[in-house]
Amino acid sequence: METVVSGIRSTGNLHLGNYFGAIQNFVKMQYENNCYFFIADYHSLTTHPTPADLHSNVKQVLVEYLAAGIDPEAATVYIQSDLPEVAELYLLLNMNAYLGELERCTSFKEKIRKQTENVNAGLLTYPTLMAADIIIHRATKVPVGKDQEQHLEMTRTFANRFNRMYNVSYFPEPFAYNFGSELIKIPGLDGSTKMGKSEGEGNALFLADAPEVIRKKVMRAVSDAGPTEPNQPKPQAIENLFSLMKTLSKPETLQFFEEKYNNCEIRYGDMKKQLAEDVIEFTTPLREKILDLAKNEEYLRKVAKNGAEKAKESAVKTIKEVREIIGFKPF
Ligand code: TRP
């Protein structure tokens, strides 16, 4: 049984790409590992949200993850800022994190390019906070995508540096949890290969989207005039519609439209209508759970409180041991 940590960005609603790409795997993992899933609200302060936005974003993310099947009885689900031990470990790690290595981090370089009017120290030290999140539980596995690989590499650097500095083997090295072939990639509706919320309005289908919104987005998905010869390879945008259908519709439905395509009889209007209904069938129970949970403040409070208590057990232990190793001793 390995200890797994993953931080969840506290902004944005979940879309089908998040669901099939990550959440589904978190759900499977939580029964086989000692999982900590937290909402990264400290991290979100780098963009200066208002207090009201901060709170409603955290709530929405919590609600959607629970609705999608993260089980607070199986995994430890908590809010990052409920664990000030993380902030203490972050401070301690910052003492051994060097300006040069932090400045070289790709995500920092990208942020200072895009967020020129707000280049704060939190952006620079994002990797030490992320390292603190992970090693506070002495985790060995982190289920994140390729875009987080450099942060993980830095986490290993900080953990090893601490061990070397104090001549201990206290922190294990965390590695990315590889889902391998189980990973389902969900394409965008705009003809691009990836569903993402930053790719523009209408590219992503959110779990909380109402049926009429889903119909509108799917009907507007990029397609073309259709094939003019039988058995042609599919252009990317068309391939995308088929691959959504493959994930969400019945095999017979997919086969029906495959045949139509191969005979040059396909009408994308019909295909999209069917696809929209299949998406709605899939998302409706999730959406109902989201709406239900959002009303159940008492349950959410209980989940967050229990999660914080469980997470604290390992965080408090780590901080106590780290303090001893460093040489903070009571008189
Ligand atoms: N940086 C991660 C992201 O952008 C979020 C995150 C914060 C995280 N702390 C973490 C992920 C710790 C894994 C482990 O998605």
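None of these values were measured; they are calculated from a predicted model.

Comments concerning the site of the ligand
- Close to the ligand lie Ser-6, Gly-7, Arg-9, Phe-38, His-43, Tyr-126, Met-130, Asp-133, Ile-134, Val-142, Val-144 and Gln-148.
- Elements with a contribution of two residues or more to the shell around the ligand: strand S1 (3-9) and helix H8 (126-135).
- Here the shell around the ligand takes four residues from H8, the largest share from any one element.
- Looking at the shell around the ligand residue by residue, the class counts come to six nonpolar, four polar and two charged.

A short note on the pairing of strand S2 (residues 34-40)
- By the criterion of burial, S2 is predominantly enclosed, with six of the seven residues buried.
- Strand direction decides the pairing type here: S1 and S2, joined by seven bridges, are parallel. Residue Val-4 lies in a different strand from S2, and its bridge partner there is Cys-35.
- Regarding the hand of the β-α-β motif, the stretch spanning S1, helix H1 (residues 16-29) and S2 is right-handed.
- The pairing of S2 with strand S3 (residues 76-79) spans four bridges and is parallel. Residue pairing across strands places Phe-38 opposite Tyr-78, the latter belonging to S3.

Thresholds applied
Residues numbered from 1 in each chain as written. Predicted model: local features only at pLDDT ≥ 70, side-chain atom pairs only at ≥ 80, totals over all residues. Heavy atoms only, no water. Near = heavy atom within 4 Å. Helix = DSSP H or I, 4+ residues; strand = E, 2+ residues; numbered from the N terminus. Nonpolar A, V, L, I, M, F, W, Y, C, P; charged D, E, K, R; others polar. Buried < 20%, exposed > 50% of the residue type's maximum accessible area, 1.4 Å probe, protein only. Pairing = 2+ DSSP bridges. Right-handed = clockwise from strand over helix to strand, strands pointing away.

Functional significance is not addressed by these values, which are geometric in nature.
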